[in-house]
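Each chain, written out:
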Amino acid sequence: MSDIIEEMEEYFLDILARIDDGDEKALEELKIMKKSVAKLGEMLELIDDDDTLETIEKKFQALEDKFDDLLMAMHKVVG
């Protein structure tokens, strides 16, 4: 999970740097990232105190799938 967070942070910082350089596509990527991160946050809220390792694993697999979808969407924008 920490690898996912690190990768997201690096990508976010890259987007911000590109926006500073005037890259219009980077702004579109940021908008997509904002929507996707909101969706990921909603998924994390699904984890309850009474979840077991198995149920959390299933939920994190779904989270990983959503992150993969995010990366694919961003790569489509970048081209």
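Let me begin by describing the structure that accompanies this report. (Residues numbered from 1 in each chain as written. Predicted model: local features only at pLDDT ≥ 70, side-chain atom pairs only at ≥ 80, totals over all residues. Heavy atoms only, no water.)

Concerning a nonpolar patch on the surface
Taken together, the side chains of Phe12, Leu13 and Leu16 make up a nonpolar region of the molecular surface, amounting to roughly 250 Å² of accessible area. Looking at the element boundaries, Phe12 is found in helix 1 (residues 2–20). With relative accessibility at 35%, the residue Phe12 sits in the partly exposed group. (Patch = residues over 30% accessible without salt bridge, like charges linked within 9 Å, V, L, I, M, F, W, Y side chains within 5 Å. Areas by Shrake-Rupley, 256 points an atom, 1.4 Å probe, with all protein chains shown as cover. Salt bridge = Lys/Arg side-chain N within 4 Å of Asp/Glu carboxyl O. Helix = DSSP H or I, 4+ residues; strand = E, 2+ residues; numbered from the N terminus. Buried < 20%, exposed > 50% of the residue type's maximum accessible area, 1.4 Å probe, protein only.)

Observations concerning helix 1
Here helix 1 contains 19 residues, and its C-alpha end-to-end distance of 27 Å stays within 8% of the 27 Å for a straight helix at 1.5 Å per residue. Every buried residue belonging to helix 1 is among Met8, Tyr11, Ile15 and Arg18, and all of these are buried. Looking straight down helix 1, one finds its buried side chains confined to an arc of 90 degrees; they lie on one side. Exposed residues lying more than 90 degrees from the buried face of helix 1 are Glu10 and Asp20. Phi turns positive, to about 90 degrees, at Gly22, one or two residues after helix 1. (Expected span 1.5 Å × (residues − 1). Arc of directions from axis to C-beta.)

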